[in-house]
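# Structural overview for review
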2 protein chains.
Amino acid sequence: MIIVLRLGHRRSRDQRLSTHVGLTARALGADEIVYSGESDKSLLKSVRSVAEQWGGGFSAAYTSDWKRFLKEKKEDGFRIVHLTMYGEPLTKLEEKGEDTVIVVGGAKVPGEVYEMADLNVSVGNQPHSEVAALSIVLDRLVNWEAKEFPGGEIKVEPCEKGKRVVKR
Amino acid sequence: MIIVLRLGHRRSRDQRLSTHVGLTARALGADEIVYSGESDKSLLKSVRSVAEQWGGGFSAAYTSDWKRFLKEKKEDGFRIVHLTMYGEPLTKLEEKGEDTVIVVGGAKVPGEVYEMADLNVSVGNQPHSEVAALSIVLDRLVNWEAKEFPGGEIKVEPCEKGKRVVKR
């Protein structure tokens, strides 16, 4: 099981990026997104509405206490992988199979996150994007290209040119 | 050579996401980002300032005429790869070595883009993020983990916990 924890969400500034984090988590095979920072019902609503419409049983939640959340997950046997441009090379990340919480930073990441993480890992040591880092890490952990999304209302039929969306 | 073309930038709404597109392009080994849509000097400035500070010779530019830009690149022998959730599977994308323009959509992508592209390719047929799609495609085309960024002012020294940034 893979859970993505997004830290430090700000309603006013991060709506779109946090939505992208959630949808990327879903599309590339994570099971759940948990947001921390400011509580934001419309963010949860928009991620959940995509999950309902497009299928696949992904869930979105909020925690006001990320520290307790990480502690509990550790007790449950999850490893904690924190994505940071300051971290160790991606090759340190072992491949598939383990229950993992992937921690994705926000504006300012508290020092405790680095301490609580089993692995602080970087997708290159350059400044870029939490969405990009999350994508590459999920790509290493999940065979997302084989993933199916049962139970949605609509789906895409891939085509050479243009768009084809069909009802299920 | 790999160029990323970002379509339909809107100054008011897309500043952060377009910045993430540019920085992701740079960090994962593209050579240039070209923005289209609304002209935005502060966007170019912020991407260029990261490139100067962190090294590696990445460039950022703006075109008011993406159609002419794509035509010229085609004439120069570039293949045009358009990222879209409606496109064909990623396995259709041939691997390394070719000069490529990767087209990343904005709010509304004109139908002509689908026609001009040599390949309309999807990173999963689910709604997610142009930053995520770009990351995965660059990961398939570029050996970014081996990329160096010479000439910058600062760099990260990877570490197990915390942050270490050094001057060059």
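In short, a report on the structure. (Residues numbered from 1 in each chain as written. Chains lettered and ligands numbered in written order. Predicted model: local features only at pLDDT ≥ 70, side-chain atom pairs only at ≥ 80, totals over all residues. Heavy atoms only, no water.)

Counting its regular elements, chain A contains five helices and eight strands. Starting at the N terminus, the α and β elements of chain A follow one another as β-α-β-α-β-α-β-β-α-β-α-β-β. For 168 residues, the compact-globule estimate of 2.2 N^0.38 gives 15 Å, and chain A sits close to it at 16 Å. Along the three orthogonal principal directions, the C-alpha set of chain A runs to about 45 × 35 × 30 Å. Per-residue burial over chain A gives 56% buried out of 168 residues. The long-range fraction of contacts in chain A, counting pairs at least 24 apart against all pairs at least 6 apart in sequence, stands at 75%. Within the structure as shown, chain A displays about 7,500 Å² of accessible surface, and the carbon and sulfur contribution to it stands at 45%. In chain A, 26 side chains carry a positive charge and 25 a negative one; their mean positions are 7 Å apart. (Helix = DSSP H or I, 4+ residues; strand = E, 2+ residues; numbered from the N terminus. Rg over C-alpha atoms; globule rule 2.2 N^0.38 Å. Buried < 20%, exposed > 50% of the residue type's maximum accessible area, 1.4 Å probe, protein only. Contact = heavy atoms within 4.5 Å. Areas by Shrake-Rupley, 256 points an atom, 1.4 Å probe, with all protein chains shown as cover. Lys, Arg positive; Asp, Glu negative; His and termini not counted. Charge placed at Lys NZ, Arg CZ, Asp CG, Glu CD.)

Another point: the interface of chain A and chain B. Facing the 50 residues of chain A at the interface are 50 residues of chain B. Roughly 4,400 Å² is buried in total at the junction of chain A and chain B, and carbon and sulfur atoms are behind 59% of that figure. Broken down residue by residue, the surface that chain A buries against chain B is led by R16(A), Y86(A) and Q126(A), which jointly contribute 16%. Across the contact surface, chain A and chain B share six salt bridges. With a closest N to O distance of 3.3 Å, E145(A) and R140(B) form a salt bridge. Viewed at the interface, chain B and chain A are joined by 22 residue pairs in polar contact (both at pLDDT 80 or more). Looking at the side of chain A that touches chain B element by element, the count peaks at nine residues for helix 1 (residues 11-27) of chain A. A per-class count over the side of chain A that touches chain B returns 22 nonpolar, 12 polar and 16 charged. (Buried area = accessible area lost by both parts, 1.4 Å probe. Salt bridge = Lys/Arg side-chain N within 4 Å of Asp/Glu carboxyl O. Polar contact = N/O pair within 3.5 Å; in protein donor to acceptor, adjacent residues only side chain to side chain. Nonpolar A, V, L, I, M, F, W, Y, C, P; charged D, E, K, R; others polar.)

What follows covers the side chain of R79(A). Residues and elements named next belong to chain A. Position of R79 relative to the elements: it lies in strand 4 (residues 79-88). Given the relative accessible area of 10%, R79 is considered buried. Of note is the side chain of R79, whose polar atom sits 2.8 Å from the side chain of T100.

Once that is clear, we can look at a negative patch on the surface. Together, D31(A), E75(A), D76(A) and D99(A) make up a negatively charged patch on the protein surface. Among the structural elements, D99(A) can be located in the loop between strand 4 and strand 5 (100-104). (Patch = residues over 30% accessible without salt bridge, like charges linked within 9 Å, V, L, I, M, F, W, Y side chains within 5 Å.)

Quick look at the sheet that holds strand 3 (residues 59-62) of chain A now. Each strand in a sheet pairs with another by means of backbone hydrogen bonds, the pair being arranged parallel or else antiparallel. Residue and element names in this part refer to chain A. Spatially, the six strands line up as an open sheet ordered 3-2-1-5-4-6, and their pairing is parallel. Two strands in the sheet have a free side with no partner beyond their single neighbour: strand 3 and strand 6 (119-121). In this sheet, adjacent strand axes meet at a mean angle of 25 degrees when their direction is disregarded. The sheet contacts of helix 1 involve strand 1 (2-9) and strand 2 (32-37), and relative to strand 1 the element is tilted by about 170 degrees. Across the sheet, helix 2 (residues 41-54) touches strand 1, strand 2 and strand 3, and the angle it forms with strand 3 is around 170 degrees. (Pairing = 2+ DSSP bridges. Axes fitted to C-alpha atoms, helices over the stretch in contact; angles between N-to-C directions.)

It is worth spelling out the environment of E38(B) at this point. All names here are of chain B. For E38, the location among the structural elements is in the loop between strand 2 (32-37) and helix 2 (41-54). The exposure class assigned to E38 is partly exposed, which follows from its relative accessible area of 34%. Separated by 26 residues in the primary sequence, E38 and S64 place their C-alpha atoms 7.8 Å from one another. Residue contacts for E38: discarding those within four places in its chain leaves H9, R10, R11 and Y62.

Below, the discussion takes up the pairing of strand 2 of chain B. All names here are of chain B. Among the six residues in strand 2, five count as buried, and that is most of the element. As for the winding sense of the linkage, the β-α-β connection from strand 1 (residues 2-9) through helix 1 (residues 11-27) to strand 2 is right-handed. Sheet analysis places strand 2 next to strand 3 (residues 59-62), joined by four bridges and oriented parallel. Looking across to strand 3, one finds that E32 is bridged to S59. As a crossover connection, the stretch from strand 2 through helix 2 into strand 3 is right-handed. (Right-handed = clockwise from strand over helix to strand, strands pointing away.)

Let us look at the relation of the copies chain A and chain B. Overlaying chain A on chain B yields an RMSD of 0.0 Å, the required transformation being a rotation through 180 degrees with an accompanying axial translation of 0.0 Å. The superposition operator between the copies reduces to a two-fold rotation axis. Within chain A, A132(A) has its C-alpha nearest the rotation axis, a separation of 2.6 Å. A shared interface surface links the copies, since 100% of the contact residues of chain A are contact residues in chain B too. (Least-squares fit on C-alpha atoms with pLDDT ≥ 70 in both.)

Applying the stated criterion to the full structure yields zero aromatic pairs over all chains. Cation over ring: K147(A) sits above F149(A), and NZ or CZ is 5.1 Å from the ring centre. (Phe/Tyr/Trp six-rings, centres within 6.5 Å; stacked < 30°, edge-to-face > 60°. Lys NZ or Arg CZ within 6 Å of the ring centre and 35° of its normal.)

Keep in mind that these numbers describe shape and distance, not what the molecule does.
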